[in-house]
Amino acid sequence: MLSITCKQCRTGWQVPKSKKGGQVNCPSCGVVNEVAGASDAGWFYGLAFGGYALVGLPLAITAVIGILNGEAGTAVCFGSAFAVVTIVLLFVLLGS
Ligand SMILES: [Zn+2]
């Protein structure tokens, strides 16, 4: 949930996060209020995917190199680390 304060009557209330970047009517006076945060959604996804690429890709590449060289230990170790990073990303994205 996001906290909104009406620009007209200063009433505070909560809206679902799905309203982020959209418009909601004030429950008290009915004035349309913009829900802030559309711009930092892009920033958030950029950071999430940037961090994922930065951490996840080297792990995936190292795991593939391990598989190609027949080093099962390396492949499993870095492969599971990559899986963990992927799961963390999914949780971050779904939790937003
Ligand atoms: Zn209002």
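Think of each chain on its own: its residues are numbered from 1, step by step along the sequence as written. Side-chain atom pairs in this predicted model are given and counted only at pLDDT of 80 or more, local residue features only at pLDDT of at least 70, and totals for whole chains, interfaces and linings cover all residues.

Draft legend 1. How the structure looks around the overall build of the protein. Numbered from the N terminus, helices here are DSSP runs of H or I no shorter than four residues, and strands are runs of E no shorter than two. In terms of helices and strands, the protein carries two helices and four strands. Across the protein, helices and strands are ordered from the amino to the carboxyl terminus as β-β-β-β-α-α. Relative to the 2.2 N^0.38 estimate, which gives 12 Å for 96 residues, the radius of gyration of the protein is 21 Å and therefore markedly larger than a compact globule would have. Along the first, second and third principal axes, the C-alpha atoms of the protein reach 70 × 15 × 15 Å. Each radius of gyration is computed over the set of C-alpha atoms, and the globule rule expresses the reference value as 2.2 Å times the number of residues to the power 0.38.

Draft legend 2. Main features of the domain arrangement of the protein. Segment limits for the domains were obtained from an automatic or database-derived domain assignment. When cut into domains, the protein gives domain 1 (2-34) and domain 2 (39-95). On a C-alpha basis, the centres of domain 1 and domain 2 stand 37 Å from each other.

Draft legend 3. Here's a closer look at unusual backbone geometry. A positive phi is found at Arg 10, a non-glycine position, where the angle reads about 65°. In this fold, Arg 10 is placed in the loop between β1 (2-5) and β2 (12-15). Field definition: a residue is buried when 20 or more other C-beta atoms are found within 10 Å of its C-beta, exposed when 12 or fewer are, and partly exposed for counts in between, with C-beta atoms placed from the backbone. By C-beta crowding, Arg 10 is classed as exposed, having 10 other C-beta atoms within 10 Å.

Draft legend 4. Geometry of the environment of Gln 23. Structurally, Gln 23 can be placed in strand β3 (residues 23-25). The class for Gln 23 is exposed, based on 9 C-beta atoms found within 10 Å. Sequence separation between Gln 23 and Ser 3 is 20 residues; the distance between their C-alpha atoms is 13 Å. Beyond its immediate chain neighbours, meaning those up to four positions away, Gln 23 contacts Val 32, Asn 33, Glu 34 and Val 35. Each residue gets a C-beta atom placed from its backbone, and two residues are in contact if those atoms lie within 7 Å.

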